[in-house]
Amino acid sequence: EFEVEFARSGVTAAVPAGTSILDVATDNGLFVLRSCSEGVCGTCETVILDGEPEHRDSVLTEEDREQGCFMPCVSRATSARLVLDL
Ligand code: FES
C-alpha cells in the first residue's frame, strides 16, 4: 500500500494492493478519462509531480517516462507517496 495525492483535486488517498490508482481516483470523485484500463491505450495518461513510479504500462516510451508521464490504470509507486497532476 502507498499513498497517492491528486494535486489538482486536493485529494490524498491510500492505494491498497490490488486496487488501481485510477479506481482510487474515481472512488474519490475525480473524473479521469479511461478506455482499456490495461495500460495499452494511452487514454488515462497523467504526469508525476513527486514520488517514484513503478511503471506497468506497455504504451509509454523511455522518453515519455523520463518526462514524468504515467498511466494510473496499471502503474503503481515504489515510494510511500506519489503525487500526480490530477
Ligand atoms: Fe488505457 Fe490507462 S486506460 S492506458
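Residues numbered from 1 in each chain as written. Predicted model: local features only at pLDDT ≥ 70, side-chain atom pairs only at ≥ 80, totals over all residues. Heavy atoms only, no water.

Q: I would appreciate a short explanation of the overall build of the protein in the present structure.
A: Counting secondary structure elements, the protein contains 2 helices and 7 strands. N-terminal to C-terminal, the α/β element order of the protein is β-β-α-β-β-α-β-β-β. Here the C-alpha radius of gyration of the protein, 11 Å, is about what a compact globule of 86 residues would show, namely 12 Å. Here the protein holds 86 residues, and the buried ones make up 40% of them. Look at the contacts in the protein between residues 6 or more apart in sequence, and 52% of them connect residues 24 or more apart. (Helix = DSSP H or I, 4+ residues; strand = E, 2+ residues; numbered from the N terminus. Rg over C-alpha atoms; globule rule 2.2 N^0.38 Å. Buried < 20%, exposed > 50% of the residue type's maximum accessible area, 1.4 Å probe, protein only. Contact = heavy atoms within 4.5 Å.)

Q: Any chance you could explain the nonpolar core here in plain terms?
A: What tends to happen in soluble globular proteins is that the nonpolar side chains get buried as a cluster. Residues Val4, Phe6, Ile21, Leu30, Leu82 and Leu84 are the most contacted members of the largest nonpolar core, which totals 24 residues. Of all elements in the fold, only strand 1 (2-6), strand 2 (11-15), helix 1 (21-27), strand 5 (69-70) and strand 7 (81-84) reach the threshold of two or more residues within this core. Looking at which element gives the most residues to this core, the answer is helix 1, with 4 residues. (Core = buried A, V, L, I, M, F, W, Y, C linked by side-chain atoms within 4.5 Å.)

Q: Honestly, the sheet that holds strand 1 in this entry has me stumped. Any pointers?
A: Each strand in a sheet pairs with its neighbour through backbone hydrogen bonds, running either in the same direction (parallel) or in the opposite one (antiparallel). What the 5 strands build is an open sheet, ordered 2-1-7-3-5; its pairing is mixed. Bordering the open sheet on either side are strand 2 and strand 5, each of which pairs with just one other strand. Pairing of strand 3 (residues 46-50) with strand 5, which is carried by 2 bridges, proceeds in the antiparallel orientation. Along strand 5, the bridge assignment pairs Thr46 with Phe70. (Pairing = 2+ DSSP bridges.)

Q: Sorry if this is basic, but what is going on with the environment of Leu30 here?
A: Looking at the element boundaries, Leu30 is found in the loop between helix 1 and strand 3. Spatially, the C-alpha atoms of Leu30 and Gly68 are 20 Å apart, while their sequence positions differ by 38 residues. Non-local contacts of Leu30, meaning those with residues more than four positions away in its chain, are made with Phe6, Ser9, Val11, Ala25 and Leu86.

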